[in-house]
Amino acid sequence: MTNHYYSKSPDTAHEYAHWDFELKGKLFHFTTDSNVFSKGTVDFGSRVLIDAFDVTDLPEGPLLDLGCGYGPIGLSLAHDTKRVVEMVDVNERALELAQTNAKQNKIENVEIHASYIYETLNHSAYAGILSNPPIRAGKQVVHEILVNAADLLLPGGTLTIVIQKKQGAPSAQKKMLETFGNAEIILKDRGYYIIQSVKEA
């Protein structure tokens with residue numbers, strides 16, 4: 001069985017799972033399935049990203065969860081920040097799960113739909129873009145996420161990603177530094193780096 005969580009239309013048999021996980025002080029009820037990323041629990045990288053992200057100094061505006069999967073990052077931040085969170089992915093199965101998870105957790109301030117990277121977005125500018133990027137899709141895809149984020153951020157807005165050191169964190173930080181003129185590692189935990197760039201006003 002192949003397991004490309006970045007495929008548009010997985011055709012493997014469904015293997016639904018239901019479980020609970022606490023994020024940002026709320027107990028979430030998640031439904032997951034085969035061919036989605038980290039179907040058995042909220043992956044450690046996403047947990048670190050969620051805990052590290054802070055909206056305190058961000059401008060007013062929506063957030064974007066790029067590569068949302070079944071929704072842990074976007075749903076937890078929508079609940080915690082009360083902002084509109086747009087959640088996009090290429091994986092249709094993951095998007096259906098994200099919709100299901102939004103409903104069963106009673107989170108309505110989300111916009112969940114298909115988009116390849118930034119191709120089909122609802123807003124022209126964001127206060128923050130977050131991503132646990134699809135490393136297996138290749139460095140070109142990851143760097144496209146990093147470079148093209150700059151044009152979509154409001155002044156003072158941030159791009160925040162999680163990436164393992166061994167899977168290219170130094171390369172990603174270098175690309176973000178080239179693009180934004182800044183790229184701070186705001187947290188390191190068990191080899192996972194949270195890297196953040198701010199769009200200068």
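Located above this text is the structure these notes cover.
## With respect to the nonpolar core
Then, in step 1: Within the largest apolar cluster, 33 residues are counted, with the highest numbers of intra-cluster contacts made by Phe30, Leu75, Met87 and Val110.
Then, in step 2: Among the elements of the structure, β1 (17-23), β2 (26-32), α1 (44-52), α2 (72-81), β4 (85-89), α3 (92-104), β5 (110-114) and β6 (126-131) are those that each provide at least two residues to this core.
Then, in step 3: If we skip the residues at most four places from it in the chain, Met87 touches Asp65, Cys68, Gly71, Gly74, Leu75, Leu95, Ala98, Val110, Glu111, Ile112 and His113.
Then, in step 4: Judged by nonpolar contacts, the second largest core, of 26 residues, contains Ile117, Ala172, Phe180 and Ile195.

## Brief notes about the pattern of salt bridges
Pairs can form between side chains of opposite charge once their charged atoms are near each other.
Then, in step 1: Under the defined criterion, the tally for this structure stands at two salt bridges.
Then, in step 2: In this structure, the salt-bridge partner of Lys24 is Asp80, at a minimum N-O distance of 3.9 Å. Of the two residues, Lys24 sits in the loop between β1 and β2 while Asp80 sits in helix α2, which places them 56 residues apart along the sequence.
Then, in step 3: Given a relative accessible area of 28%, Lys24 falls into the partly exposed group.
Then, in step 4: Note that Glu178 and Lys175 form a salt bridge whose closest N and O atoms lie 3.5 Å from each other. With Glu178 and Lys175 both in helix α5 (residues 169-180), this residue pair falls three residues apart, about one helical turn.

## Observations concerning α1
Side chains three or four residues apart in an α-helix point the same way, a direct result of the helix having 3.6 residues per turn.
Then, in step 1: Listing the buried residues of α1 in full gives Phe44, Gly45, Ser46, Val48, Leu49 and Ile50.
Then, in step 2: Those residues of α1 hidden inside the fold are in contact with β1, α2, β6, β7 (153-164), β8 (184-189) and β9 (192-198).

## Details of the pairing of β1
Then, in step 1: Every second residue of β1 is oriented toward a common face, the buried set being Ala17, Trp19, Phe21 and Leu23 and the non-buried set His18, Asp20 and Glu22.
Then, in step 2: Bridge analysis of β1 against β2 gives seven bridges, and the strand direction is antiparallel. Residue Glu22 lies in a different strand from β2, and its bridge partner there is Leu27.
Then, in step 3: If you look at the hairpin formed by β1 and β2, you'll find two residues sitting between the two strands, and Lys24 has a positive phi there, around 50°.

## Observations concerning the pairing of β5
Then, in step 1: Both β4 and β5 contribute to a ladder of five bridges, which runs parallel. Across the sheet, residue Asp89 finds its bridge partner in β5, namely Ala114.
Then, in step 2: In terms of handedness, the path from β4 via α3 over to β5 forms a crossover that is right-handed.

About the thresholds
- Residues numbered from 1 in each chain as written.
- Predicted model: local features only at pLDDT ≥ 70, side-chain atom pairs only at ≥ 80, totals over all residues.
- Heavy atoms only, no water.
- Core = buried A, V, L, I, M, F, W, Y, C linked by side-chain atoms within 4.5 Å.
- Buried < 20%, exposed > 50% of the residue type's maximum accessible area, 1.4 Å probe, protein only.
- Helix = DSSP H or I, 4+ residues; strand = E, 2+ residues; numbered from the N terminus.
- Contact = heavy atoms within 4.5 Å.
- Salt bridge = Lys/Arg side-chain N within 4 Å of Asp/Glu carboxyl O.
- Pairing = 2+ DSSP bridges.
- Right-handed = clockwise from strand over helix to strand, strands pointing away.

Purely spatial values, then, with no claim about function.
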